[in-house]
Amino acid sequence: MTTFRPSRGLVLLFLAQALATGATTASTVLASLVMSGLGHEGLAGLPSTIVTLSAALSAGLFGGLMLRLGRRPGLVGAYLLGVLGAVLGFVGAWQRLVPLFLLGAALVGAAQGGYQQARYAVAESVPEKIRAAVLGVMMLASVLGSAGSGALSGPLGSLAARLNTSSEVVGWLLAALFLLLGAGMTLFWKPEVKTLTADKTPLRVSPAAVRLSDPAVRWPALAVATSQGLMVTLMSLTPLRAHHMGMDHVQVAGLITVHIAGMFGFGWLTGPLLDRLGSRFGYVSGALLLLAAALSALQSGAWLPGSMFLLGLGWNLCYVAGSKALTGFAGVQGQVDALGYLVAGVGTLLGGAVIARWGFAPLSLSCAVLALLPLLSAARTSPRNAAALRMAGD
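Residues numbered from 1 in each chain as written. Predicted model: local features only at pLDDT ≥ 70, side-chain atom pairs only at ≥ 80, totals over all residues. Heavy atoms only, no water.

Draft legend 1. Representation of the overall build of the protein. Broken down by element type, the protein carries 18 helices and zero strands. Scored against the burial criterion, the 394 residues of the protein give a buried share of 58%. Across the protein, every contact between residues at least 6 apart in sequence was considered, and the portion connecting residues at least 24 apart equals 85%. For the protein, the exposed area adds up to about 15700 Å²; of that, 68% sits on carbon and sulfur atoms. (Helix = DSSP H or I, 4+ residues; strand = E, 2+ residues; numbered from the N terminus. Buried < 20%, exposed > 50% of the residue type's maximum accessible area, 1.4 Å probe, protein only. Contact = heavy atoms within 4.5 Å. Areas by Shrake-Rupley, 256 points an atom, 1.4 Å probe, with all protein chains shown as cover.)

Draft legend 2. Here's a closer look at unusual backbone geometry. Positioned with a positive phi, Arg 96 is a non-glycine residue whose angle comes to about 60 degrees. Among the secondary structure elements, Arg 96 is positioned in the loop between α4 (71-94) and α5 (98-115). Residues other than glycine seldom take positive phi values, yet Asn 164 does so here, at roughly 60 degrees. With respect to the helices and strands, the residue Asn 164 is situated in the loop between α8 (153-162) and α9 (167-187).

Draft legend 3. Broad picture of the packing of aromatic side chains. Here the structure, examined in full by the defined rule, presents seven aromatic pairs. Summarising the aromatic geometry, the rings of Phe 90 and Trp 94 are spaced 5.4 Å apart at their centres and angled 20 degrees between planes, so their arrangement reads as stacked. Note that Phe 90 and Trp 94 are positioned in helix α4 at a spacing of four residues, about one turn of the helix. Here the aromatic residues Phe 264, Trp 315 and Tyr 319 are joined through ring pairs into a cluster of three or more. (Phe/Tyr/Trp six-rings, centres within 6.5 Å; stacked < 30°, edge-to-face > 60°.)

Draft legend 4. Local environment of the nonpolar core. Core analysis: the biggest nonpolar cluster contains 57 residues, and Val 217, Met 231, Leu 311, Trp 315, Leu 326, Phe 329 and Leu 363 have the highest contact counts within it. Looking at this core, the elements that each hand over two or more residues are α6 (118-123), α7 (131-151), α10 (215-244), α11 (249-264), α13 (279-296), α14 (303-326), α15 (330-358) and α16 (360-370). It is α10 that contributes the most residues to this core, 13 residues altogether. (Core = buried A, V, L, I, M, F, W, Y, C linked by side-chain atoms within 4.5 Å.)

Draft legend 5. Highlighting a nonpolar patch on the surface. On the surface, a cluster of nonpolar side chains totalling about 450 Å² of accessible area is made up of Leu 53, Leu 339, Leu 342, Val 343, Val 346 and Leu 350. In terms of residues, the nonpolar patch owes the most to one element, α15, which gives five residues. Mapped onto the elements of the fold, Leu 53 is located in helix α3 (residues 46-69). By relative accessible area, which is 31% here, Leu 53 ends up partly exposed. (Patch = residues over 30% accessible without salt bridge, like charges linked within 9 Å, V, L, I, M, F, W, Y side chains within 5 Å. Salt bridge = Lys/Arg side-chain N within 4 Å of Asp/Glu carboxyl O.)

Draft legend 6. Structural context of the side chain of Gln 17. Within the secondary structure, Gln 17 sits in helix α1 (residues 8-26). Polar contacts involving the side chain of Gln 17 include one to the main-chain carbonyl oxygen of Tyr 115, which spans 2.9 Å. Contacts of Gln 17, omitting those with residues within four sequence positions, involve Tyr 79, Tyr 115, Gln 116, Ala 118, Met 138 and Ser 142. (Polar contact = N/O pair within 3.5 Å; in protein donor to acceptor, adjacent residues only side chain to side chain.)

Draft legend 7. Summary view of the packing of α3 against α15. Taken N-terminus to C-terminus, the directions of α3 and α15 make an angle of 175 degrees; their axes are 7 Å apart at the nearest point. As the angle between them shows, α3 and α15 are arranged roughly antiparallel. Contact residues: α3 offers Leu 46, Ser 48, Thr 49, Thr 52, Leu 53, Ala 55, Ala 56, Ala 59, Gly 60 and Leu 67, while α15 offers Ala 330, Gly 331, Gly 334, Gln 335, Asp 337, Ala 338, Tyr 341, Leu 342, Ala 344, Gly 345, Thr 348 and Leu 349. Its residues assigned to classes, the contact of α3 with α15 comprises twelve nonpolar, nine polar and one charged. (Axes fitted to C-alpha atoms, helices over the stretch in contact; angles between N-to-C directions. Parallel < 35°, antiparallel > 145°, perpendicular 65-115°, else oblique. Nonpolar A, V, L, I, M, F, W, Y, C, P; charged D, E, K, R; others polar.)

Draft legend 8. Examining the side chain of Gln 117 more closely. With respect to the element layout, Gln 117 can be found in the loop between α5 and α6. A relative accessible area of 1% places Gln 117 in the buried class.

Draft legend 9. Looking closely at α14. Given a rise of 1.5 Å per residue, 24 residues ought to cover 34 Å, and the 34 Å separating the end C-alpha atoms of α14 matches this to within 8%. Within two residues after α14, Gly 328 carries a phi angle of roughly 100 degrees, on the positive side. (Expected span 1.5 Å × (residues − 1).)

Printed below as a string of structure tokens:
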């Protein structure tokens, strides 16, 4: 059994990603409520759509930047871009300047397209047989960020009262602080020189060696994009439904906390399982959990937090399985992330319009059907193809 003791640099990356999760929890997850409070409930899904579409546009650019300059400059730049966006988003929401708020959302989204690729930097630094487990630990660390933003709900409420605004608006200011701290931590991270295969030998892949159409990339990309799209869509729009059901800010924040726990809290378990059982297990189990989450979202009461938890856990399994399979294919990682953000952006935009016109049920049922797509990834996954493609890049 391979033992792993993270370096100080990897711990810094883990903590930076935890802060990024806290920033997302404090700001963009509840952006639909901000938009509704600004008098545009019919466009409640627009901020999340802008965030995800901006991430889609920037992910490939940041991926290319990291190929040329290295992971650290790209990650630090992404965090700092997020700081600027979060500050602008706060000012825009506070002063009820919708265009400025949406500009801030766009910049935060562009930042996400960069700093979310830290998972590849982590995976590249450890042996192949424990990559999913280490990614799981990274996700587990993200619970700290979410818990931190939740623990600050009281002070956020007090500051919001002083500024004559809502806690959701002040959350954007907290996001700026978290992202600034994340940039500082990443700045002190020293990237690993080598990417390691299962036998601890260097893995070299030419950026031009692979394309999204290659089978070893196509099917993991489908699982990553599907899980990302469904997770962001339901995560962004379920709080609005909960608000319509009479839940207050604390209760809605509780739903998000449960969801984040599903996303990240069981990384200690899902990562080792994926290392042992393989990507197919992640695709199949993740798809079934996403299906259950979409169907249970139709219910009320205790079903709603249960749905949010299953949504997070199903995303975790599909996302980690796909991300591990894509490690080493540096030339397409940004493109795969861009695809996931694009699907999520379309989902939130259409989802907000569907809810406004027909209610939540059609959205939930559509998500249930799409949740089955990772089963195709499981059926078409071939470790032999992936190995051959990696060898072609040597």
